[in-house]
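Okay, here's what each chain looks like letter by letter:
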Amino acid sequence: MIMEQIQQVMRECGQLMLGADRSHANIETKGTSNNLVTKYDKAVQEILQKKLLEIVPEAHFVGEEETVHDPIATGKAFIVDPIDGTTNFVKDYKSSVISVAMTQDGELELGLVYHPYLDEMFTAQRGKGAFRNGKPIHVSSQPLEAGLTLYGSASYYPELIDDSFRLLRKAFDRSMDIRRSGSAAWDLCCIAAGRAELFFELRLYPWDYAAGALIVREAGGMVTRVEGGDISLSGPCSILAVGSNVDAGFLRE
Ligand code: IPD
Ligand code: CA
Ligand code: CA
């Protein structure tokens, strides 16, 4: 029931993105000149905050576009990226999603990612599997040699770029090819759906990956930090996601 209600809110936000007048998007930068935010990021987050809290009034709320973030260690919490792939949104590249996760006492409970341009809704509930538009999905069982590597360039962090490209070269040498969608949440859905075998990025925030991580795990895949160890839901970390037949140990060599 909650799942359906959340999906309805996300579809409504998707309509707002599809109908956006991007020539009046009030583009601003945050921190670095390539980290953008538009009035649509803010508007989608406002709708999500209002409507998700109507569905689960006791929940905490963590959204990318606010400065102060609620702690998520106890009770229920939403972790939300209103538009993951803002640069794509600004460029009309049509590869941006809405990402909503809900935690219970710090553990991922629900994950939903909606791609309005493709009308694809990915959903997962802990212990209940992962779905694309209501149909069960599973990660790829192909080895990396017969697979695709997805990566994020950590482009807001100049200090990570050399390492990112070094790892990318290693993964490129072991895969059929590489892809860069510009949305980490979407990359995770592509791993979950078996469309690619490996995804990594050296620094992301929980709103980028919380929902996608649960979707990958419920689809039978593995999500850890690139350096190994469990991911954080309370602060940034690196992310590695793989299908069921990929040993990503080479990234740590
Ligand atoms: C970004 C996207 C991108 C990733 C960046 C993220 P944003 O999120 O997920 O793919 O490479 O690291 O910050 O800024 O578009 O919400
Ligand atoms: Ca993001
Ligand atoms: Ca965002």
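Data block above holds the structure.
Cut-offs applied
Residues numbered from 1 in each chain as written. Chains lettered and ligands numbered in written order. Predicted model: local features only at pLDDT ≥ 70, side-chain atom pairs only at ≥ 80, totals over all residues. Heavy atoms only, no water. Core = buried A, V, L, I, M, F, W, Y, C linked by side-chain atoms within 4.5 Å. Buried < 20%, exposed > 50% of the residue type's maximum accessible area, 1.4 Å probe, protein only. Contact = heavy atoms within 4.5 Å. Donors = N, O, S within 2.8 Å, 3.2 Å for Na, K, Ca; no water. Helix = DSSP H or I, 4+ residues; strand = E, 2+ residues; numbered from the N terminus. Expected span 1.5 Å × (residues − 1). Phe/Tyr/Trp six-rings, centres within 6.5 Å; stacked < 30°, edge-to-face > 60°. Lys NZ or Arg CZ within 6 Å of the ring centre and 35° of its normal.

Undergrad: Can you walk me through the nonpolar core in this structure?
TA: Core analysis: the biggest nonpolar cluster contains 41 residues, and Val-113, Ile-191, Phe-199, Tyr-209, Ile-215, Val-216 and Ile-239 have the highest contact counts within it. Non-local contacts of Ile-239, meaning those with residues more than four positions away in its chain, are made with Leu-188, Phe-199, Phe-200, Glu-201, Leu-204, Tyr-209, Val-223, Thr-224, Val-226 and Ile-231. Core analysis: the next-biggest nonpolar cluster, separate from the first, contains 27 residues, Met-17, Tyr-40, Ala-59 and Phe-89 among them.

Undergrad: What should I look at first to understand the coordination of the calcium ion (ligand 2) in this one?
TA: Angles between donor atoms at a metal ideally measure 109.5 degrees for a four-coordinate tetrahedral arrangement and either 90 or 180 degrees for a six-coordinate octahedral one. Taken together, the protein ligands of the calcium ion (ligand 2) are Asp-81 (OD), Asp-84 (OD) and Asp-208 (OD), with distances of 2.1 to 2.2 Å. One chain supplies every donor to the calcium ion (ligand 2), and in sequence these donors are spaced D-x2-D-x123-D. Asp-81 gets classed as buried once you look at its relative accessible area, which sits at 0%. A relative accessible area of 9% means that Asp-208 is categorised as buried.

Undergrad: Help me out: how do you make sense of helix H4 (residues 161-174) in this one?
TA: Structurally, the α-helix is built with 3.6 residues per turn, so residues lying three or four positions apart point the same way. With 14 residues, H4 should reach 20 Å at 1.5 Å per residue; the first-to-last C-alpha distance of 20 Å fits that figure. Next to the buried residues of H4 lie strand E10 (148-151), strand E11 (177-179) and strand E12 (198-204).

Undergrad: Just to check I follow, could you spell out the side chain of Ser-164 for this structure?
TA: Within the element layout of this structure, Ser-164 appears in helix H4. Dropping the residues within four chain positions of it, Ser-164 is found in contact with Ser-153, Ala-154, Phe-200 and Leu-202.

Undergrad: Explain the coordination of the calcium ion (ligand 3) to me, please; I cannot follow it from the model alone.
TA: Taken together, the protein donors to the calcium ion (ligand 3) comprise Glu-64 (OE), Asp-81 (OD) and Ile-83 (O), at separations of 2.2 to 2.3 Å. Counting the intervening residues between successive donors of the calcium ion (ligand 3) yields the motif E-x16-D-x1-I. In this structure, the calcium ion (ligand 3) lies 3.6 Å away from the calcium ion (ligand 2), the two metals sharing Asp-81 as a donor. In this pair, Glu-64 is assigned in the loop between strand E3 (60-63) and strand E4 (76-84) and Asp-81 in strand E4, connecting sequence segments 17 residues apart. What makes Glu-64 buried here is its relative accessible area of 18%.

Undergrad: I would appreciate a short explanation of the packing of aromatic side chains in the present structure.
TA: Any pair of aromatic rings gets described here by the distance separating the centres and the angle formed by the planes. For the coordinates displayed, the defined rule picks out 6 aromatic pairs. A ring pair is formed by Tyr-205 and Trp-207, whose centres lie 5.0 Å apart and whose planes are at 5°; its orientation type is stacked. Look at Tyr-205 and you get partly exposed, because its relative accessible area is 28%. The rings of Tyr-151, Phe-165 and Phe-200 are connected pair by pair, giving a single aromatic cluster. The aromatic ring of Tyr-157 is capped on one face by Arg-203, whose charged end is 4.5 Å from the ring centroid.

Undergrad: Any chance you could explain unusual backbone geometry here in plain terms?
TA: Most of the time, phi is negative for any residue but glycine, and the peptide bond is trans. A positive phi is found at Asn-133, a non-glycine position, where the angle reads about 45°. Along the chain, the position of Asn-133 falls in the loop between strand E8 (130-132) and strand E9 (135-136). Of note, the phi angle at Ala-154 is positive, near 50°, even though the residue is not glycine.

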